[in-house]
Amino acid sequence: MFSYLLRRLLATIPVMLLVAVFVFMLLRLTPGDPAAIIAGDYANDAQIAEIRSKLGLDKPLPVQFMVWLGNMFQGDFGESFFYKKQVGELIAARLEPTLSLSLLTIILTVCIAVPLGTLAAYRQGSWLDRGIMGFSVLGFSLPVFVIGYILIYVFSIQLGWLPVQGYQRISDGVGGWLLRLILPSVALSVIFVAFIARMTRTSVLEVLGEDYIRTARAKGQTESKVLMHHAVRNAAVPIVTVIGLSFAILIGGVVVTESVFNLPGLGLLTVEAVLARDFPTIQAVILLFSFIYVLINLAIDVSYTLLDPRIRY
Amino acid sequence: MEKQNVLEVRNLTVSLPRNADRPNAVENISFTVAPGEIVCVVGESGSGKSVTASAVMGLLPSALNPSAGETLLQGEDTLKASPNRLRDLRGTRMAMIFQEPMTALNPVTRVGDQISEVLEIHTDLSASERRKRAIEIMESVHLPDPEKMVDSFPHQLSGGQRQRIMIAMALVLDPALLIADEPTTALDVTTQAQILKLIKEMQERRGTGVLFITHDFGVVAEIADRIVVMQNGRVVEYGDRDDVLRRPKQPYTQMLMASVPSMTPPDRVPRTGDKAIEVSNLNKIYGRTGWLSKDRIVHAASDVDLFVRKGETLGIVGESGSGKSTVARCIARLIDPTSGSISLHGTDIGTLPQSRLRPHRRKVQIVFQDPYRSLNPRRTIGQSLIEAPVNFGVPVEQARKTARDLMELVGLSGDALERYPHQFSGGQRQRICIARALAVEPEVLIADEAVSALDVSVQAQVLELLDDIRERYDLAMLFITHDLRVAAQICDRLIVMKKGVIVEQGPTKKVYSDPQHEYTRLLLDAAPGRDVTFGSDTAA
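Being a predicted model, the structure only gives us computed values, none of them experimental.

Right, let's talk about the overall build of chain B for a bit. Helix and strand content of chain B: 19 helices and 20 strands. The C-alpha radius of gyration of chain B comes to 25 Å, within 12% of the 24 Å expected for a compact globule of 540 residues. Once the C-alpha set of chain B is aligned to its principal axes, its extents read approximately 75 × 55 × 45 Å. Buried positions account for 54% of the 540 residues belonging to chain B. For chain B, contacts bridging at least 24 residues in sequence account for 70% of all contacts bridging at least 6. For chain B, the computed accessible surface area is about 23,600 Å², with 47% contributed by carbon and sulfur atoms. Across chain B, the centroid of the 65 positively charged side chains sits 4 Å from that of the 69 negatively charged ones.

Another aspect to go through is the overall build of chain A. Across its full length, chain A holds 13 helices and 0 strands. For chain A, the C-alpha atoms occupy an extent of roughly 85 × 55 × 35 Å along the three principal directions. Looking at chain A residue by residue over its 313 residues, the buried ones come to 45%. Here chain A has roughly 15,600 Å² of accessible surface; of this, 69% comes from carbon and sulfur atoms. Charge separation in chain A, taken as the distance between the mean sites of 23 positive and 20 negative side-chain charges, equals 11 Å.

In this assembly, 20 residues from chain A lie in contact with 24 residues from chain B. Counting each side, the surface lost to burial between chain A and chain B is near 2,200 Å², with a carbon and sulfur contribution of 59%. The three residues of chain A that bury the most area against chain B are A:Ala218, A:Lys219 and A:Pro309, which together make up 27% of that side's buried surface. Scanning the region where chain A abuts chain B turns up 1 salt bridge. Our count for the contact surface shared by chain A and chain B stands at 12 residue pairs in polar contact (both at pLDDT 80 or more). Put simply, the parts of the chain that give the side of chain A that touches chain B at least two residues each are helix 9 (211-218) and helix 10 (223-252) of chain A. For the side of chain A that touches chain B, the class distribution of residues is 4 nonpolar, 7 polar and 9 charged.

Using the criterion set out here, one finds 5 aromatic pairs over all chains in the structure. Summarising the aromatic geometry, the rings of A:Phe24 and A:Phe65 are spaced 5.0 Å apart at their centres and angled 70 degrees between planes, so their arrangement reads as edge-to-face. You can see A:Phe24 sitting in helix 1 (residues 2-28) and its partner A:Phe65 sitting in helix 4 (residues 61-73), a full 41 residues away along the chain. For the pair A:Phe24 and A:Trp68, a centre-to-centre distance of 5.4 Å together with 45 degrees between the ring planes defines the contact as tilted. Of the two residues, A:Phe24 is situated in helix 1 and A:Trp68 in helix 4; the sequence distance between them amounts to 44 residues. With respect to burial, A:Phe24 and A:Trp68 carry one shared label: buried. Within the aromatic cluster, the residues linked to one another by ring pairs are A:Phe24, A:Phe65 and A:Trp68. Seen from the ring of B:Tyr286, B:Lys284 lies directly overhead, with NZ or CZ sitting 5.2 Å from the centre.

A word on the side chain of B:Asn5. Relative to the assigned elements, B:Asn5 resides in the segment before strand 1 (7-15). Those residues in contact with B:Asn5 that lie beyond four places of it in its chain are B:Thr32, B:Val33, B:Ala34, B:Pro35 and B:Gln74.

Let's shift gears to the environment of B:Arg205. Residues and elements named next belong to chain B. By the secondary structure assignment, Arg-205 is in helix 7 (residues 189-206). Placed 164 residues apart in sequence, Arg-205 and Val-41 show a C-alpha to C-alpha distance of 22 Å. A polar contact is formed between the side chain of Arg-205 and the side chain of Glu-201, at a distance of 2.7 Å.

Taken over all residues, the pLDDT of chain A has a mean of 84, while the share at 70 or more is 96%. Looking over chain A, one finds the lowest element-wise mean pLDDT in helix 2 (residues 34-39) of chain A, namely 70, and the highest in helix 9 of chain A, namely 91.

This paragraph deals with the sheet that holds strand 1 of chain B. All names here are of chain B. With antiparallel pairing, the 4 strands of this open sheet are ordered in space as 2-1-4-5. Of all the strands in the sheet, just strand 2 (24-33) and strand 5 (76-77) have a single pairing partner and so form its edges. Bridge count for strand 1 against strand 4 (residues 65-73) is 7 bridges, and the pairing is antiparallel. The residue of strand 4 that forms the bridge with Val-9 is Thr-71.

Let's shift gears to helix 11 (residues 324-331) of chain B. All names here are of chain B. Of all 8 residues making up helix 11, 6 are buried, and the element is well covered by its neighbours. Of the positions making up helix 11, those classed as buried are Lys-324, Thr-326, Val-327, Ala-328, Cys-330 and Ile-331. Downstream of helix 11 by one or two residues, Arg-333 has phi in the positive range, about 55 degrees.

Turning next to the UniProt feature "domain: ABC transmembrane type-1" (unreviewed entry) in chain A. When the UniProt feature table is mapped onto this chain, "domain: ABC transmembrane type-1" (unreviewed entry) is found at residues 95-300 of chain A. Along residues 95-300 of chain A one finds 83% helix and 0% strand; the C-alpha atoms at either end are 22 Å apart.

Quick look at the UniProt feature "domain: ABC transporter" (unreviewed entry) in chain B now. Mapped onto the present numbering, the UniProt feature "domain: ABC transporter" (unreviewed entry) falls at residues 7-257 and 277-524 of chain B. This span, residues 7-257 of chain B, is 39% helix and 25% strand, and a straight line between its end C-alpha atoms measures 27 Å.

Further remarks concern the UniProt feature "transmembrane region" (unreviewed entry) in chain A. Residue and element names in this part refer to chain A. Feature annotation in UniProt assigns "transmembrane region" (unreviewed entry) to the following positions: residues 9-27, 99-122, 134-157, 177-197, 235-261 and 281-307. The span residues 235-261 shows a helical share of 96% and a strand share of 0%, and its end C-alpha atoms are spaced 36 Å apart. With 100% helix and 0% strand, residues 281-307 has end C-alpha atoms that lie 39 Å from one another.

Residue and element names in this part refer to chain B. A large share of strand 19 (residues 493-498) lies buried, amounting to 5 of its 6 residues. Sheet topology places strand 19 next to strand 20 (residues 501-507); 6 bridges connect them, and they run antiparallel. Bridge pairing links Val-496 to Glu-504 in strand 20. Taking the residues that link successive antiparallel strands as the turn, the strand 19-strand 20 hairpin has 2 residues, and the phi of Lys-499 there is positive, at about 50 degrees.

Residue and element names in this part refer to chain B. Among the secondary structure elements, Arg-130 is positioned in helix 4 (residues 127-140). Here Arg-130 occupies a buried position and makes no salt bridge, while the nearest side chain of opposite charge, Glu-120, is found at 4.1 Å. Those residues in contact with Arg-130 that lie beyond four places of it in its chain are Ser-116, Leu-119, Glu-120 and Leu-125.

Next up on the list: the domain arrangement of chain B. Residue and element names in this part refer to chain B. On domain assignment, one finds that chain B holds domain 1 (7-103 + 179-259) and domain 2 (275-289 + 296-359 + 489-540). For domain 1 and domain 2, the distance between their C-alpha centres works out to 36 Å. In terms of surface lost to domain 2, no three residues of domain 1 exceed Asp-188, Val-189 and Thr-190, which account for 37% of the buried area on that side. For the pair domain 1 and domain 2, the number of links is 0 salt bridges. Within the residue set of the side of domain 1 that touches domain 2, elements represented by two or more residues are helix 7, helix 8 (217-223), helix 9 (241-246) and helix 10 (251-259). When grouped by side-chain class, the residues that make up the side of domain 1 that touches domain 2 number 8 nonpolar, 4 polar and 5 charged.

Okay, the environment of A:Val193 next. Position of A:Val193 relative to the elements: it lies in helix 8 (residues 174-208). Residues A:Val193 and A:Ile243, spaced 50 residues apart in sequence, show a C-alpha to C-alpha distance of 9.8 Å.

Moving on to empty space enclosed by the protein. The final tally for this structure, using the stated rule, is 6 cavities of 30 Å³ or more. Taken together, A:Thr215, A:Ala218, A:Lys219, B:Gly91, B:Ala95, B:Met96, B:Val118, B:Met169 and B:Ala170 make up the lining of the largest cavity. Among the secondary structure elements, those contributing two or more residues to the lining of the largest cavity are helix 9 of chain A together with strand 6 (94-97) and helix 6 (159-171) of chain B. Of the residues in the lining of the largest cavity, the class split is 6 nonpolar, 2 polar and 1 charged. Space inside the second largest cavity adds up to approximately 50 Å³. As for the second largest cavity, its lining consists of A:Pro163, A:Val164, A:Gln165, A:Gly166, A:Leu179, A:Arg180, A:Leu183, A:Pro184, A:Phe261 and A:Leu263. Among the elements that line the lining of the second largest cavity, the one with the most residues is helix 8 of chain A, at 4 residues. Residue classes in the lining of the second largest cavity are distributed as 7 nonpolar, 2 polar and 1 charged.

What counts and what doesn't
- Residues numbered from 1 in each chain as written.
- Chains lettered and ligands numbered in written order.
- Predicted model: local features only at pLDDT ≥ 70, side-chain atom pairs only at ≥ 80, totals over all residues.
- Heavy atoms only, no water.
- Helix = DSSP H or I, 4+ residues; strand = E, 2+ residues; numbered from the N terminus.
- Rg over C-alpha atoms; globule rule 2.2 N^0.38 Å.
- Buried < 20%, exposed > 50% of the residue type's maximum accessible area, 1.4 Å probe, protein only.
- Contact = heavy atoms within 4.5 Å.
- Areas by Shrake-Rupley, 256 points an atom, 1.4 Å probe, with all protein chains shown as cover.
- Lys, Arg positive; Asp, Glu negative; His and termini not counted.
- Charge placed at Lys NZ, Arg CZ, Asp CG, Glu CD.
- Buried area = accessible area lost by both parts, 1.4 Å probe.
- Salt bridge = Lys/Arg side-chain N within 4 Å of Asp/Glu carboxyl O.
- Polar contact = N/O pair within 3.5 Å; in protein donor to acceptor, adjacent residues only side chain to side chain.
- Nonpolar A, V, L, I, M, F, W, Y, C, P; charged D, E, K, R; others polar.
- Phe/Tyr/Trp six-rings, centres within 6.5 Å; stacked < 30°, edge-to-face > 60°.
- Lys NZ or Arg CZ within 6 Å of the ring centre and 35° of its normal.
- pLDDT = per-residue confidence, 0-100.
- Pairing = 2+ DSSP bridges.
- UniProt positions renumbered as here; feature names shortened; annotations may be inferred.
- Domains from an automatic or database assignment.
- 1 Å grid on protein atoms, 1.4 Å probe; cavity = no way out; pocket = protein on both sides within 12 Å on 5 of 7 lines; lining within 4 Å.
- Points joined across faces, edges and corners; volume = space filled by probe spheres on them.

So this is what it looks like as C-alpha cells:
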C-alpha cells in the first residue's frame, strides 16, 4: 500500500512537468513579444526592456524554463502585473473561499444524492423512484446562475433569511462563514446531486441483482441491512469515482457561482486575471488547478483499494 | 413412529406473469423431504426446479406468485409466513446454497464476517463467540487453517473453498432443511466430487434434510436418496433413486437418461488423413514486467505439441486453469502465442503479423461456450452469418444463399435469417453459431466448451450435429471440454492438460480404459455417477 502511494506520487511528477511546460509555452508561443504582452498596451519601450530582463526573456528558452521552474519550486510564482503583488500571496488569499465552497458543496451533494439514489434503486419503479429521477432531470436542465438568482430572490430578498452576497473568513466566525456559503453551495450542488443520484441508482440497482444479495436474504438478513451492508458498499466504486470527478469539475467550475454570489475566490481571481491579461497569475492558477486534479485522481484511486479488497496495486 | 418430514411440498403452483410462455412456472407439484434424506430435483432449464426452491425459502422474484398449495417446513407453511417470520426461519431452520460460489459471497466482506453475520442476525452471541463459532464450522467443512482463513476475502479463496464457506454459512445454525441449488455445477470435476462428499457427510452427521437441485444425472446418481424429475413446471416422475435411475417409467426420464453421454467411449476407426493443423512448442505466458511493478507470470501453456488430421476430432480435456482454452485461442490467433509454431498447410500462422494473417483467418473458426453472448443481439442472424464471407469477398447475394443452406444444414429454417438472436433458444443459438463458423468454409473448427451451457437433450443433438458436419466437410475439429462424458463420445484422440502442460494423450478409448497419468485417473474417478449406465450404446 505504502509503496503504491509512493509510486503514484512519483508518477504525478511527469504529469505536473508536462503541465508546466504547457503553461510556460502558453506565454512564449503567444504571437508577439511576451514582455510586451506582460507590459500591456500602454507601456513604453523602457518598461518593456525592463520586464524582459527581469523575466530573463533575453536568455535561451530552456534556460528560461529552468529558471522559471526553479523559482516555482521555491514558492516564487512571480509578480502579478495587475495587482502588483506576489502571485503566491494572491492565490493563498483566494484559496480559502474556493475550497470552502467546493468542500461544502460536495459534502452536501453526497449527503443528499447517495441516499436518494439508493432509495430510488430499492424502490425501483415506484412513485418515489420516478419523483427522484424527475428531480434529477430538472437538476440537469437548470443552469447554476438561474438557480442562484432564484435562491437569492426567495431566501435573501423575499424572506430575508440569508445574506445576498459576500464572504466571511472562517477565522472571523464559523456561523457567519457558513451562513454566507449556504446559498452558493445549494445552487452549485443541484446539478451534482442530480448526476450522482442517478449514478448511485444505476450502480445500486446492478448490485441488487447480484447473487450475494440473495445470499444475504437467504441468511434472514433484514432489508435495511441488506441494503446498507451488502449493496451500497459494493456499489461504491463507481459512485466514488463520479464524486471525485464532480469535485474536480466543481473546483474548476466555481467561476460562475463566485461571480453570482460575489465570493472573492479563485474563480473570481481567474476571471479578473484573464480580463487583465495578467499572465503570471493565469499561469499559477492553471498549475494549481492541474495539481488539484492530479491529487483528486490519486485520492479516487486510493479509495478503490479501501472500498474493494480485490483491488490491490 | 416415523419422524416428521422436514419439508412437505403439497400441490404447489407458482404463476407466471401474464405475458409469459406458459401460465405457471410450477404447477401442482408435491414431494417430501425427510430428515437425513437427500431428495434430488432434476430437470432441464425452465423446468421450474429453482422456482420450487425459491418458493420454499420465500425468495421468489416479485413477478412470481405462489397461487396454490403449501410448502410445509416442519409443519409450518412458509408461503403463509410473514416477512419477519420468514427472516427468522431463514438461516435457522432452512438454509440455502447456490450455484456460483464466485458470486454468491459478498466480495468486499471477510468470509468469517459473512458466516458470523448469520449468528449476528439470529443469536445473542458476542463478537468473539461468533468468531469462535465461525472458525469451528469452517473447520468442520474441512477448510485448511480456518484460524487464518476466517479473515480472508472471497477472492483469495478457490471456487471449492468458497463453496465450503457457503456450506459452513448455511449449516452454522444447524438448519433442518438445506436447499442446494446446483451447488457443484460451476466447479471442476475433482472439486465437485469433494463438495458432494462434504454435503453427504454433513447431512449424515447432522441429520439435515437436503433438497438438491441439479440438471446433472451423474450428480443425481452420486448423491440422491430419492429423485423428483421435473419438466415444464410439472413433476414427471418421483421415486427412490434406484427405481428412477435403473427402471425409469416415464418416456421423458428415459430420454433424459439416454441423452447423458456414456463414460465408455465407442470404438472409433483411427483417422489417417493429412494433418490439417500442427502445433509445436506452443507457449503462452501471461503477465507483465512493467515500470516499478512486480513480475507476475503465469505459464498458461508450456511447450504444447499437437496435430489434428482432416476428418478427425481431437479433444483437449482439463479443469479450469489447465490452459485448454488458451491453446484453442492461440490456434485461432485470438490471442498471440508467446512462442512456438502453428502450421496450417505448411504456413506458420503462429507468428504471422495481423496484416498477413487475414487470409488465413477464415480457415480456422471457433464456436464458443455461451450461445447467449456470442451473437450480437442487435444484428439479425442473416447479418451475422454473411458478415465474414462478405469480408472475404463473397458477393452478398451468394453469401445469403449459402447462409440459407447452412441454416437448413444445422436444422433451422432458412426463413429465420431475418430474426434476431433473442428469438431463439440456447440450443438453436448454438446451431446458429456453428452455421456462422461454417459460413467461411473453414478447414479447422474449434469448439470451445461448445455444448457445456446446453441442457443434456439439446447437448446430445448439438454433439450429433458437430459430428455430422465434421464427417461431411472432412473438417479437423479441436474439441475443448471439461466434461469427460462428452469427450468420451465425440473425440477420436484425447489430450489431457493440467496447469498448461499436456500430461497424457492418446486414442480416447485407450485413455479411458488404461489411463497412464495419475491426474487422468483422478479426473476419471471424479466423474459423478460412474456406476450407473447412461446413454445409448449405439452412440457413434
